[in-house]
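Structural features, examined
Chain by chain, the residues run as shown.
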Amino acid sequence: MKKVLRLLLILLVWFSAFPSSHAQAAPPPPDHPWLSEIVDYDIKVVGGISTARLPGTNRLVVAYAGDRQFISGAILKFAMQVPKGSGNCGVPKDWHCMEVDTSQSVGYNPSIAVSPAGINPDGVYIGISYFDDANNSLKFASTFYDTRNEKLTSTWFIQTIDKPTGSVAHVGEISSLTYDPKTGMPMITYLSYGDHTATNPSKWLNSASYLGTTDRNCGYLLTWSCIKIVRAPYYSDTFSAIGLGWIDSKLYYFYASESGLSYATFAPSFTCLDPNYFCARVDTTDPAVGLGLKVSSWSGNLPGTPGYNSLMRENGVNIVFKDETDKRIKLLTTPKTGSLFSLKTVAAYGATAELSSLSVTTDPNYFAAVTYTEQSSRGDDLFLARPAPAYNMFFGGGCGITMGTWVCNAVLPATADSSAGGDAGIDVSPGNLVRIIFNSFNSNVNTYGLQILRQDDYKMSLPLIRR
C-alpha cells in the first residue's frame, strides 16, 4: 500500500510540474498506425544520424554520413522533407537528398541544428558539425533556409573550425551543435586529443563559439573562439559522449566521465581547466553512467506568451543516457520549477544486451520521448519509450521495471531479413505524433538505407507497417 501511495504522490508532482496553460493537443494513443518508408535507398549509413525540425513547420532535416560506392571513406549527406512529389528521394518523393561535403572520409558523428525563428525575418540557418577523419579535424557546414518560399537559398558553406596543432593531434571526433536562442549564433562543443605518446597524455572538452569578428583563434578567417574547458586522461572513458543544452538561458556542456554524468557551464570558478567555467557531477551512481548521452533542449513559458509565469523556467533539458552498471536507461530532466535536475529511470535492459540508437526529443507538452534499439534473437528491435502521463495513463509497462512510470513498445521488431541499425534520431511533431529516423539493413536484398518510421495522423483498428 505504501508503494502505491508513494507512486501516486510522484505522479501528482510530475503532472503539477507542467502547467496546463502550455498544454498542447491531447497525445495520441498507442494505436496510431506506424508507417515505415525509405528516405535514402542503398546507402550504407555510417558514423551517426542527427535530426532537427524546421521552426514553424512539420518538416525534418537530417544529417548523416554515408559510404559511397567505389570510393574509400564516407561523405556528409543531408535530407530535408519537402512537399510530396517535389523531392528527389523517399517514397513518394517527399524528401530532398543532397551531398554536402564530398571530401574523402568526412561526415562522421554529425550534429545538426537550426537557428531560432524570428531572429532573421527571411528564414533560418541550418548547421552541421562533423568529423573530418582524413585530416583529424572538426568541420562545420551551414546553409540558409527561406521560410517564406520553403527552400534552401544558398549552397553549403564549409569551413574547418579546429585542427591538429602543437600538442593537439586529433580534433572533433565527437561534437554537438546548438544555436544561441537569443543571438542565433552557432556554438559547438567537441572532443580533442593530445599526442598519445607524450608523458601523461590528455584529452579535452572544447568549446567553439562564432563571434563574427576576425580577431579570434579558430574557424574561417579566425571568426570563432575555441577554448579548452575540461581536461581528462587520454585513456579514460571521460568525454565518450557529449552534448549541449540550454537551462535558464545558460549553455550547459554535458559529458560522460569516469566519476559519473557531469556538466560544465560558464561561471567563474576553479572547478574546470578553464577558470571561467564551473564543473559538477549530476549522477554519481557509479562510474559507468552517462554513456551514449543525448540532449534535447525545450523552450517554453517565454515572456510575452499566453500563460507566462515568471516563477517558472523559460527553458531546460531532457537528457537520456545509459547506466551500464545497473543496466538502466535513465533520463535527467529539468523541472519547470524547483531543483535544476530530476533523475528518472526509463527502462531496464538485459545484462548481456547491446543497447544502441539512444535518442531523445521533447513533445509539445514537455514530456521526453526516447528511442533505442535492443538486441533480440532476430536482430535489433527498435523501441519507443514515453512517460505514462504522455498517454494520459497512470502506470507504465513494457520497460522491464516493476511499477514503472514509462511505456515502452517495440515499434519495429527485427525480422529474419531486416533490422534497425545502431543509429537513430527522434522527433515528436506539433500534432504529438512520433517520427524516428534510423539506418536499416535488409539481408534479403542485401541493401542498406536511411528510413523513417512515423505514426500516421489517423487511427486504424489493425496495425499497419508499410515497407
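Residues numbered from 1 in each chain as written. Predicted model: local features only at pLDDT ≥ 70, side-chain atom pairs only at ≥ 80, totals over all residues. Heavy atoms only, no water.

Bringing the packing of aromatic side chains into the picture now. Given two aromatic rings, one states the distance between the centres and the angle between the planes to describe the pair. Taken as a whole and assessed by the stated rule, the structure comprises 18 aromatic pairs. With 5.2 Å between their ring centres and 50° between their planes, Y252 and Y263 make a pair best called tilted. Of this pair, Y252 sits in strand β16 (residues 250–257) while Y263 sits in strand β17 (residues 260–266), and the two are 11 residues apart along the sequence. Considered together, Y252 and Y263 belong to a single accessibility category, that of buried residues. One Lys or Arg, K336, reaches over the ring of Y366 and ends 3.8 Å from the middle of that ring. Sitting over the face of the ring of Y391, R386 holds its NZ or CZ atom 5.6 Å from the ring centroid. (Phe/Tyr/Trp six-rings, centres within 6.5 Å; stacked < 30°, edge-to-face > 60°. Helix = DSSP H or I, 4+ residues; strand = E, 2+ residues; numbered from the N terminus. Buried < 20%, exposed > 50% of the residue type's maximum accessible area, 1.4 Å probe, protein only. Lys NZ or Arg CZ within 6 Å of the ring centre and 35° of its normal.)

This paragraph deals with the pattern of salt bridges. Counted under the stated rule, the structure contains 14 salt bridges. Linking R454 and D456 is a salt bridge whose minimum nitrogen-to-oxygen distance equals 3.8 Å. This pair shows no difference in class: R454 is buried, exactly as D456 is. Overlapping salt bridges bring together E37, R454 and D456 as one network. (Salt bridge = Lys/Arg side-chain N within 4 Å of Asp/Glu carboxyl O.)

Attention now goes to a nonpolar patch on the surface. On the surface, a nonpolar cluster with roughly 310 Å² of combined accessible area is contributed by F157, Y220 and L221. Residue placement: Y220 occurs in the loop between β13 (202–210) and β14 (224–233). (Patch = residues over 30% accessible without salt bridge, like charges linked within 9 Å, V, L, I, M, F, W, Y side chains within 5 Å. Areas by Shrake-Rupley, 256 points an atom, 1.4 Å probe, with all protein chains shown as cover.)

Before going further, it helps to examine the sheet that holds strand β20 (residues 315–323). Taken together, 4 strands build an open sheet; the order of strands is β19-β20-β21-β22 and the sheet is antiparallel. The sheet is open, and its two borders are formed by β19 (289–299) and β22 (342–348), each paired with just one other strand. Within this sheet the neighbouring strands show an average axis-to-axis angle of 20°, counted without direction. In the sheet, strand β21 (residues 328–333) pairs with β22 via 6 bridges, with the strands oriented antiparallel. The partner of R328 across the bridge, within β22, is A348. (Pairing = 2+ DSSP bridges. Axes fitted to C-alpha atoms, helices over the stretch in contact; angles between N-to-C directions.)

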